[in-house]
Amino acid sequence: MLKRLLRVTPYFILAALTAALLAFADSYSFVKMMDLMDIALSGDMTNFRSASIDLIVMAIVLVPLCILVAITRALYKRKANLTIKHYYVNGVFNKNISEFQKENNAKYISCLTNDFNLLEVNLIDSLYEIGACIGNFAAGIWMMTIVSPWVILLAVGVMIVMIIFSTLTSKPTAKHMNERSTLFEGYTSYTKEMLSAFHIIKSNNLTERVQENFNDKSEQVQQKGYIVDRFLSYIQASENIIIGLMMYMMLAASGYMAIQGLITVGGAFLVVQSMQKVMWPVMNLSEQLPKMFTVKDLIKKIEKTLENEDNYEETQPMPSFNESITLKNVSFGYADQETDLILENINLELKKGGKYLIVGPSGGGKSTLLKLLRKYFNPTNGEILIDGYNLKDIKKNDFFSQVANVEQQVFIFEDTLRNNITLYKDYTEEEIEEAIRKSGLSDFVKGLSNGLDTMIYDNGKNISGGERSRVVIARGLLAKASIIFLDEAFAALDMERAKEIEKSILALEGVTVINVSHVLFNETRSKYDKILKVNHRQVEYV
Ligand SMILES: Nc1ncnc2c1ncn2[C@@H]1O[C@H](COP(=O)(O)OP(=O)(O)OP(=O)(O)O)[C@@H](O)[C@H]1O
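Residues numbered from 1 in each chain as written. Predicted model: local features only at pLDDT ≥ 70, side-chain atom pairs only at ≥ 80, totals over all residues. Heavy atoms only, no water.

Operational definition: UniProt positions are given in the numbering used here, feature names are shortened, and annotations may be inferred rather than shown by experiment.
The name recorded for the protein in an unreviewed UniProt entry is ABC transporter ATP-binding protein, from Holtiella tumoricola. Comment text from UniProt for the protein, heading Subcellular location (unreviewed entry), reads "Cell membrane".

What follows is the structure, given as structure tokens:
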């Protein structure tokens, strides 16, 4: 992630340089003020006028510079945030389907919200602040050199003390931050579950219990937040004491020098201003550095969510599906243990263009067989060959572009009906119409005042379960895939409609259809080439 962040270096440099430019311009205006003060005390009216004009010009120049600083800072922040978020989402989509499904996806939501908010404050903002601090510190030192180089030594001393202090306090801060992030993960997961199950909770009178659990989790997160804030405020208070002491020492030193006549009154004024210029970065650095030190562990935690245990490299392209899918002595268990096998020693051949129905008792392993054929999981033993090539070696993207999946669990995007059917790909109106007709959606679409441009909200809350299923069937038909996998795709449809759609799918020439279903209609039964029963780890022909 840090490597990816390096790409925004030009934006960072631009933002830091403009901040430094502003710091120097601001310091220069203080030098001009010092001159004005000393000229005024000497009673030199001619030079006083020109020094006053210089000051006014400086004040005018500062305005566009301030705007430039705000713009370059915002640009850097925007680029940096987008870069790490793109990196993360890209990483999530590089996860294997099986490994992604093993995890609670609230883990990823928590990373993208809580952890990325922390990254924005503790890394992206802090980096900018550190850049700006360096510019301001340099400008402050420059101001000091104009008055007396001796004051610089004191400022460098303060800096060293503060860096040592930050290093010492960073470890316990990082520990607390990580614990808080883990608590947030549980909290996000629970909140997501609570809102998804809203109607179940209400209709089963579970409100009180759920609220109690939520309050407990929320209390834990708040308590940790309180501990972190309290800890950080102790650190802050200690820093303020140290910095305060240093400031008094510098003030006393410049006062002594003015009394001794080593510097002018204007010079004393400039020392006070330069001290502020130097102290701000020192104070700010002492705030930003501990935050920066906590980022390493946070990034490690975020990167861990993107790790794939199985990094098998797929090398075989699959431009088309031409002959058959063959299962050779395939065994599979989710737990990778021989005793926990769901399927054992399966041998099958599924021909291109063939229509296959998979039946069997609940929990028998039908969906598991489909998951293996869909390349969600690899067999524990044996191999699945497609046109003679091991499915394990076939590149995921190539394989997925040859198949369409129609599942019982439907996902509908919050978008128009058209985009939900085409899945953002280009098809002709005739192709879309044909898919709508074959999936039994024609009457539904005709009845909508906006037709295909009707918006579907929140995973299809404004359409029925059967309509949702048909949208997904239309997707499958439109995709013109070589293989269609159906998993209880007709469960939400009435019998007549289910039969009609099943017939349309079974009439697709050259398309291999593998349909897992509890429902077996006499009218469509004969249209299947083979009916397979999955039971007791075995697959047999019916
Ligand atoms: N991700 C998983 N991790 C562990 N075990 C699983 C997983 N998915 C399914 N199983 C188990 O595998 C067995 C077969 O499940 P599968 O979903 O393949 O059955 P099925 O025949 O499709 O059942 P149904 O008709 O009820 O959908 C079941 O005992 C189930 O509990």
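From this point on, the discussion continues.
1. A look at the overall build of the protein
The criterion, for reference: Helix and strand definitions here come from DSSP, where helices need a minimum of 4 consecutive H or I residues and strands a minimum of 2 consecutive E residues; each element is numbered from the N-terminal end. By the convention used here, residues are in contact when the closest approach between their heavy atoms is within 4.5 Å. Each accessible area is a Shrake-Rupley result for a 1.4 Å probe, and residues are judged covered by the shown protein chains and nothing else. None of His or the chain ends enter the tally, which takes Lys and Arg as positive and Asp and Glu as negative. To locate a charge, take NZ of a lysine, CZ of an arginine, CG of an aspartate or CD of a glutamate.
Across its full length, the protein carries 17 helices and 12 strands. Once the C-alpha set of the protein is aligned to its principal axes, its extents read approximately 110 × 55 × 50 Å. Considering only residue pairs separated by 6 or more positions, the protein has 79% of its internal contacts joining residues 24 or more positions apart. Within the structure as shown, the protein displays about 28,300 Å² of accessible surface, and the carbon and sulfur contribution to it stands at 57%. Of the side chains in the protein, 57 bear a positive and 61 a negative charge, and the two mean positions are spaced by 1 Å.

2. Comments concerning the nonpolar core
Short version of the rule: To qualify as a nonpolar core, a set must consist of buried Ala, Val, Leu, Ile, Met, Phe, Trp, Tyr and Cys residues joined through side-chain atoms within 4.5 Å. Buried residues are those whose accessible area, probed at 1.4 Å on protein chains only, stays under 20% of the maximum for their type, while exposed residues exceed 50% and partly exposed ones sit between those limits.
The biggest cluster of nonpolar side chains holds 39 residues, and the ones touching the most others in it are Leu-417, Ile-421, Leu-441, Ile-473, Leu-486, Phe-490 and Ile-505. Looking at this core, the elements with two or more residues in it are strand S3 (355-359), strand S6 (403-407), helix H12 (417-422), helix H13 (429-438), helix H14 (442-446), helix H15 (465-478), strand S9 (483-487) and helix H16 (495-506). Excluding its chain neighbours within four sequence positions, the residues that come into contact with Leu-486 are Leu-370, Val-406, Ile-505, Val-513, Ile-514, Asn-515 and Val-516. Judged by nonpolar contacts, the second largest core, of 33 residues, contains Met-1, Leu-62, Leu-119 and Tyr-128.

3. Overview of the UniProt feature "transmembrane region" (unreviewed entry) in the protein
According to UniProt, the "transmembrane region" (unreviewed entry) feature falls on residues 51-76, 150-170 and 257-275. Taken end to end, residues 257-275 comprises 74% helix and 0% strand; its first and last C-alpha atoms sit 15 Å apart.

4. Section: a negative patch on the surface
This is how the line gets drawn: Without a salt bridge and with relative accessible area above 30%, a residue can belong to a patch; like charges are then joined within 9 Å and nonpolar side chains (Val, Leu, Ile, Met, Phe, Trp, Tyr) within 5 Å. The salt bridge criterion pairs a side-chain nitrogen of Lys or Arg with a carboxyl oxygen of Asp or Glu, the two atoms within 4 Å.
Together, Glu-208, Glu-212, Asp-216 and Glu-219 make up a region of like negative charge exposed at the surface. Following the sequence through the fold, Glu-219 ends up in helix H8 (residues 207-259). Judged by relative accessible area, which is 52%, Glu-219 ranks as exposed.

5. Here's the deal with helix H5 (residues 106-147)
Note the following rule: Expected helix span is given by 1.5 Å per residue-to-residue step, counting one fewer step than there are residues. What we call the bend at a residue is the angle made by axes fitted to the seven residues finishing there and the seven residues starting there.
Over its 42 residues, H5 runs 58 Å from end to end, which matches the ideal 62 Å to within 8%, given 1.5 Å per residue. Of all the bends in H5, the greatest, near 35°, is centred on Ser-126.

6. Brief notes about the pairing of strand S4 (residues 381-386)
Formally: We treat two strands as partners when DSSP finds at least two bridges between them.
Taken together, the 5 bridges between strand S1 (residues 324-332) and S4 define a ladder with antiparallel strand orientation. Pairing of Ile-325 across the sheet is with Ile-386, part of S4. Examined bridge by bridge, S4 and strand S5 (residues 389-390) share 2 bridges and lie antiparallel to one another. Counted as the bridge partner of Ile-386 is Tyr-389 from S5. Between S4 and S5, which pair antiparallel in sequence order, lie 2 residues; one of them, Asp-387, sits at a positive phi of approximately 45°.

7. Digging into the sheet that holds S1
Short version of the rule: Note on method: axes are straight lines fitted to C-alpha atoms, helices fitted across the in-contact stretch only, with angles between N-to-C directions ranging 0 to 180 degrees.
Strand order in the open sheet formed by 4 strands is S2-S1-S4-S5, with antiparallel pairing between adjacent strands. For this open sheet the edge positions go to strand S2 (343-351) and S5, each flanked by a neighbour on one side alone. Across the sheet, helix H10 (residues 366-373) lies against S1, S2 and S4, angled at about 120° from S1, the strand it touches most.

8. Observations concerning unusual backbone geometry
Backbone geometry at Asn-329 places phi at a positive 45°, although glycine is not the residue there. Among the secondary structure elements, Asn-329 is positioned in strand S1. Positive phi values are uncommon outside glycine, yet Leu-423 reaches one of about 50°. Inspection of the secondary structure puts Leu-423 in the loop between H12 and H13.

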